[in-house]
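Next come the chains, spelled out residue by residue.
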Number of protein chains: 2
Amino acid sequence: MTASSLSPQTTKVAEYLFLRFRQLGIESVFGVPGDYNLRLLDFLEPAGLHWVGNCNELNAAYAADGYARVNGNGLSALITTYGVGELSAINGIAGAFTEKAGVVHVVGTPSRSLQRDRTLVHHTLADGDYRHFAAMASHVTKAQTNLTDPRTIPEQIDWALEQALIYSQPVYIELPDDVVDVAVLAARLANPLSIPASPRGGDGALTEVLEHIYDSQRPLILVDGESRPLRIIDQVEELVNITGWPTWTSIFGKGLVNESMPNVYGHYRGSLGPKDWESYFESADLIINLGPHYSDTNTYTFTTIPREAVSISLSLDTVKIGAKVYHDVGNGFLTQLLQSLDKTRIPKVGGPPKTTTPYVGPKADEAIAQASFYAFVNQIFRENDLILTETGTAGHGGRQFKLPPRSRLFGPATWLSIGYMLPATLGVTVAKRDLTKNSNARAILIIGDGSLQMSAQEISTIIREKLNVIMFIINNSGYTIERAIHGRKQAYNDIAPWRHTKALEFFGAEEGQAKNSFVARTYGELGRVLNDERIRNGGGLRIVEVFMDQEDVQGALLHLMEKQIAAEKQ
Amino acid sequence: MTASSLSPQTTKVAEYLFLRFRQLGIESVFGVPGDYNLRLLDFLEPAGLHWVGNCNELNAAYAADGYARVNGNGLSALITTYGVGELSAINGIAGAFTEKAGVVHVVGTPSRSLQRDRTLVHHTLADGDYRHFAAMASHVTKAQTNLTDPRTIPEQIDWALEQALIYSQPVYIELPDDVVDVAVLAARLANPLSIPASPRGGDGALTEVLEHIYDSQRPLILVDGESRPLRIIDQVEELVNITGWPTWTSIFGKGLVNESMPNVYGHYRGSLGPKDWESYFESADLIINLGPHYSDTNTYTFTTIPREAVSISLSLDTVKIGAKVYHDVGNGFLTQLLQSLDKTRIPKVGGPPKTTTPYVGPKADEAIAQASFYAFVNQIFRENDLILTETGTAGHGGRQFKLPPRSRLFGPATWLSIGYMLPATLGVTVAKRDLTKNSNARAILIIGDGSLQMSAQEISTIIREKLNVIMFIINNSGYTIERAIHGRKQAYNDIAPWRHTKALEFFGAEEGQAKNSFVARTYGELGRVLNDERIRNGGGLRIVEVFMDQEDVQGALLHLMEKQIAAEKQ
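Residues numbered from 1 in each chain as written. Chains lettered and ligands numbered in written order. Predicted model: local features only at pLDDT ≥ 70, side-chain atom pairs only at ≥ 80, totals over all residues. Heavy atoms only, no water.

This part takes up helix α19 (residues 523–531) of chain A. All of the buried residues in α19 of chain A are Tyr-523, Gly-524, Leu-526, Gly-527, Val-529 and Leu-530 of chain A. Where the residues of α19 of chain A are buried, they touch α12 (370–378), β19 (468–475), β20 (517–520), α20 (533–536) and β21 (541–547) of chain A. (Buried < 20%, exposed > 50% of the residue type's maximum accessible area, 1.4 Å probe, protein only. Helix = DSSP H or I, 4+ residues; strand = E, 2+ residues; numbered from the N terminus. Contact = heavy atoms within 4.5 Å.)

Below is the structure:
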């Protein structure tokens, strides 16, 4: 698309916005229609955008969050209606804010005259105040803008999108119903948006980091989850490759670096992991800490945070060397570092021995259990798979996966809103399809029966979009992760029993597809399911219900469960 | 329960709170467990409270809203967890705020020490600021309080509950995980909470209102929806009864006064209703306007608002006579009025003639259509039924119902969040069961297929609670109300097709109950369904899917649809 093809003197606001979306690599838009956004939705198809209508707005926000985490520019779009729609979505927006996904949330609002006159229309609090919801959104979005004046609208849109681009966080755009087709100057469209160039404020840092690298004797690389919003995944892989240094990820960072590289160990678990990993960490004299994100759930309750004295931490706008902080380094710092690096001076170091014990599968008549399930399912993973594990036992289990190259893992990091992962599966799969133009892009979701109930209706959208998804439902009769934390036998951790094998049929799968439901209680059964041609090479949504014990947990959760049982005995 | 039985010197915070709930007539509590509220949930059962675990928090908030609208004291309780849970619920809270339902929202939050240290725990925005969500809640709740200091906690709880009582609006209570079992003084529990007595600020108003009543020649009574939060339903009925004056309701007020009384006409529609109603309204010299609520959707776009010059409007804290406002009149004003009224001086007036055309049913082979469906279904309504019509064509259709005595109607008023009515059905039915101790209290829900997808999972909670509910699903292939407003043929108004007849089975109905699914396309079929013994006298959830045309609308919606079709032809 050339500049000249974009420059009629004016364009309509909706056209402007949607052309910006296309320029930024957004091909699909999530949301729910509502009477204050219908006129806006008319412009989607003419702009070449694919509308994924969701069952409700929270699910739409979750899907948009997933899309942004996969899409090249880290952005996605969500359209809701004023009040009822946007507030339904706000928990999903808060998750995107916390874990950094650039969801552009466009809210269709009542016309400017209704707002000016403080008219008591529906979807307001009936108090004449139209500013409540923007105020609420300001807590969980990086930027907010209200498109009321055509003289400044192009600039406002660009500013908001740029904020989403720079920070990979949601932004909030209010678009009054009567502004949708107002004319604005199109001139700015000739310049596609991008992350503004760095003022190279980190120059001093660069020299210092290089010295630390050349001088190190026991260095390591730690890839944390904010490497993704930093958009440095490719550079991280290059750094890991050219240094050959021992590399770990955090929980949040898992799946962001190719685990089949010989110097990549997996995710670091502190005292809960291998002892020789821990001692290497503790004696390290340099930790290159990429995209740190220090929540309790991403750091084994703060125990895996690298020692500041030996760390170089690269964040969104700072490089921290020991206790010293360099501001304004920009996203390009790692690229500069790679360009400046004298490869001959990089110390060659070996990490702890990498032991690969051959996989011994469970016996066929063995009941499926948390301890052995994840390694068993791991066998079907392929290159380019999108793998999603919902908060709960699945999220804990997924940390053990050995991920194939170019696959991605999405697990719980910090927001941990159960119900997220199913609509996110929709979002990441649509994003991968848009990005690769491969309509068969595959996702594998592992989710518990409790979480499923939060957002189950989005199964129908996955079916309608004809996505290639394998969904494992862990049926363990309720909120097992909560049972581990507290209330092991309490009724409040029970849920209503659903017949999962009827899901495909209920949610509208075509006759042939509706039969792609499987059940397994033993590994023999599960093995047969995984070998079924429909699982191996089929398309569309397939559901595998696996039964596990109500109190079956492992790892850190097992520790909690055992503590509780001990306390009960007192 | 006597004061002495309540007065051990101290009690635990959770015990204090839950005993207050019981004193206020709350018997069931809605919500979802989460790791910051589990310890609180432990206290529910010992307090004699029934826990209704919902599938997600938005549905729980909707259910709690419904409960409050039926419960005697106008209150209900909702428990969620910090961040993820409370934000999921916030759209439901905003609806309760707008349409006035006293939902007491208790949020289990991280312990005080975690908060004090700004610890970056999960379910926060990972920025160390624990005050975001309370700030967001302040926009849509009447009162907010954070229970951190045992010296003031009893007072804080009482103040918040009193606010909910007085204003019938949601309140927000933060309860840190470590405070749940802290000891507080129990002394206040000896005095049950109630709405504080009025300072009788309205004394001048009383005399003036009496004079207007005695002097009127063409008076009428208009019952609007805020008569419910005003808690004057019984007094309204008495006023309508002893005056014998022509009485109408608003849309929001429908169902709040006994429609089988001879002087009750139905809901007033301005120029869209009978001409003689309109001319009576327009020539009235006194309109007793009870609980006014002036949103566009409750006033036929502001056309049915009574003329100020002839109106006496009774609101939550004011009486307005013409343009003159009396403040601080208190909830007791109508009671005072009834006590002071000299019945011999009440003018006897007849309203417009009441024409009752005998019901002529449609032909058996006639396809089910909006215009004739509601009157047809109306035939099965009984005394004490709870009838719910979801926003959309159902909400519009439900306005025509002739309601049996002691039944209640719940339809869209102002917030109009689609997805509300199904969980609200759960809430109102549980409330009625709690209130009447009748486990067979019956609800009838009419809902469109688009709205259903928003919150469908709550079907499983209705099943689990073994509630007596008949649910009509209007299958018209998408958002027909949106099609009427805009985008008649647009794909964004389509939805994924579900197989509704599988819902009971999927959502866990027991073998026998799972078969209580019916389908009708013609009135002959529908007639047979309604005569089925399982519908007439059965229990549990029964689902009737009725098919209607995608563009079938009536009334104000038909007008919109026709305008659109005309515009398309231009």
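This is not the end of the story, as more comes after the structure.
Take chain B, turn it by 180°, move it 0.0 Å along the axis, and it overlays chain A with an RMSD of 0.0 Å. On this basis, the relationship between the two copies can be described by a two-fold rotation axis. Residue Met-136 of chain B of chain B places its C-alpha closer to the rotation axis than any other residue of that unit, at 2.5 Å. Comparing contact sets, 100% of the residues at the interface of chain B also lie at the interface in chain A, consistent with an isologous, same-surface contact. (Least-squares fit on C-alpha atoms with pLDDT ≥ 70 in both.)

This next bit is on the sheet that holds strand β7 (residues 171–176) of chain A. Residues and elements named next belong to chain A. Spatially, β3-β2-β4-β5-β7-β6 is the arrangement adopted by the six strands of the open sheet, whose pairing is parallel. Pairing within the sheet leaves two strands with one partner each, and these edge strands are β3 (50–53) and β6 (143–146). If you compare each strand with its neighbour and ignore which way they point, the axes differ by 25° on average. On top of the sheet, helix α7 (residues 153–167) reaches β4 (75–81), β5 (102–109), β6 and β7; it is set at about 165° to β6, its chief contact. (Pairing = 2+ DSSP bridges. Axes fitted to C-alpha atoms, helices over the stretch in contact; angles between N-to-C directions.)

What follows is about the packing of aromatic side chains. Overall, the coordinates contain 47 aromatic pairs over all chains when judged by the stated rule. A centroid spacing of 5.4 Å and a plane angle of 75° characterise the contact between Phe-506 of chain A and Phe-507 of chain B, whose relative ring orientation is edge-to-face. A residue pair is termed interchain when its members come from two chains, as with Phe-506 of chain A in helix α18 (residues 503–506) and Phe-507 of chain B in the loop between α18 (503–506) and β20 (517–520). In this structure, Phe-506 of chain A and Phe-507 of chain B share a single accessibility class: buried. Measuring from centroid to centroid gives 5.1 Å for Trp-248 of chain B and Phe-281 of chain B, while their planes differ by 65°, and the two rings are edge-to-face. Remark: Phe-281 of chain B occurs in helix α10 (residues 275–283) and Trp-248 of chain B occurs in strand β10 (residues 247–249); sequence separation between them is 33 residues. Each member of the pair, Trp-248 of chain B together with Phe-281 of chain B, is buried. For the cation-ring pair, Lys-354 of chain B lies above Tyr-265 of chain B, with the distance from its terminal atom to the ring centre recorded as 5.8 Å. (Phe/Tyr/Trp six-rings, centres within 6.5 Å; stacked < 30°, edge-to-face > 60°. Lys NZ or Arg CZ within 6 Å of the ring centre and 35° of its normal.)

On to the interface of chain B and chain A, then. Chain B puts 78 residues into the contact, and the matching count from chain A is 78 residues. Buried surface at the junction of chain B and chain A, summed over both partners, amounts to about 6600 Å²; 62% is from carbon and sulfur atoms. It is Tyr-492, Arg-499 and Phe-506 of chain B that lose the most area in chain B upon contact with chain A, and together they represent 12% of the buried surface on that side. Seen at the junction of chain B and chain A, the total is four salt bridges. Between Lys-502 of chain B and Glu-505 of chain A there is a salt bridge, with its nearest N and O atoms 3.5 Å apart. For the side of chain B that touches chain A, the secondary structure elements donating two or more residues are α2 (38–41), α3 (57–70), α4 (84–99), α6 (132–137), α15 (449–455), α16 (459–464), α17 (480–485) and α18 of chain B. (Buried area = accessible area lost by both parts, 1.4 Å probe. Salt bridge = Lys/Arg side-chain N within 4 Å of Asp/Glu carboxyl O.)

With that out of the way, let us pick up the UniProt feature "binding site: Mg(2+)" (unreviewed entry) in chain A. All names here are of chain A. Here the UniProt-annotated "binding site: Mg(2+)" (unreviewed entry) positions come out as Asp-449, Asn-476 and Gly-478. Maximum C-alpha separation among the annotated residues is 6.9 Å over a sequence range of 30 residues, consistent with a single clustered spot. Of the residues examined, Asp-449 reaches a relative accessible area of 3% and is grouped as buried. Beyond its immediate sequence surroundings of up to four residues, Asp-449 is in contact with Ile-473, Ile-474, Asn-475, Asn-476, Ser-477, Gly-478, Ile-495 and His-500. Considering the arrangement of structural elements, one finds Asn-476 in the loop between β19 and α17 (480–485). Those residues within four positions of Asn-476 in sequence are excluded, and the remaining contacts are Gln-370, Thr-393, Asp-449, Met-548, Asp-549 and Gln-550. (UniProt positions renumbered as here; feature names shortened; annotations may be inferred.)

All names here are of chain A. Running from N to C, helix α8 (residues 203–215) and helix α11 (residues 333–340) point in directions that differ by 55°, and their axes come no closer than 10 Å. With respect to each other, α8 and α11 are oriented oblique. Handedness of the α8/α11 crossing: right-handed. Contacts between α8 and α11 involve Asp-203, Ala-205, Leu-206, Val-209, Leu-210, Ile-213 and Tyr-214 on the former and, on the latter, Phe-333, Gln-336, Leu-337 and Ser-340. (Parallel < 35°, antiparallel > 145°, perpendicular 65-115°, else oblique. Left-handed = near helix turned anticlockwise from the far one by under 90°.)

Take helix α3 (residues 57–70) of chain A next. Residues and elements named next belong to chain A. Over its 14 residues, α3 extends 20 Å from the first C-alpha to the last, a length consistent with the 20 Å expected when each residue adds 1.5 Å. The element α3 is largely enclosed, with a buried count of 14 among its 14 residues. Capping the start of α3 is the job of one residue whose side-chain oxygen sits 3.3 Å from the backbone nitrogen of Leu-58: Asn-56. (Expected span 1.5 Å × (residues − 1). Polar contact = N/O pair within 3.5 Å; in protein donor to acceptor, adjacent residues only side chain to side chain.)

What follows concerns unusual backbone geometry. All names here are of chain B. Phi at Arg-118 takes a positive value of approximately 55°, unusual for a residue other than glycine. Checked against the element boundaries, Arg-118 lands in the loop between α5 (112–116) and α6. Residue Arg-118 is classed as partly exposed on the basis of its relative accessible area, which comes to 49%.

Here the UniProt feature "domain: Thiamine pyrophosphate enzyme N-terminal TPP-binding" (unreviewed entry) sits at residues 12–122 of chain A. Helix makes up 45% of residues 12–122 of chain A and strand makes up 22%, while its end C-alpha atoms are separated by 27 Å.

So, about the sheet that holds strand β16 (residues 386–389) of chain B. Paired through their backbone hydrogen bonds, the strands of a sheet run either parallel or antiparallel. All names here are of chain B. Strand order in the open sheet made by the six strands is β17-β16-β18-β19-β21-β20, with parallel pairing throughout. Two strands in the sheet have a free side with no partner beyond their single neighbour: β17 (408–410) and β20. Averaged over all pairs of adjacent strands, the angle between their axes in this sheet comes to 15°, without regard to strand direction. In the sheet, β20 pairs with strand β21 (residues 541–547) via four bridges, with the strands oriented parallel. Pairing of Ala-520 across the sheet is with Val-546, part of β21. Sheet strands in contact with helix α14 (residues 421–436) are β16, β17, β18 (442–448) and β19 (468–475), and its direction is about 170° off that of β16. Sitting on the sheet, helix α19 (residues 523–531) is in contact with β19, β20 and β21, with an inclination near 155° to β20.

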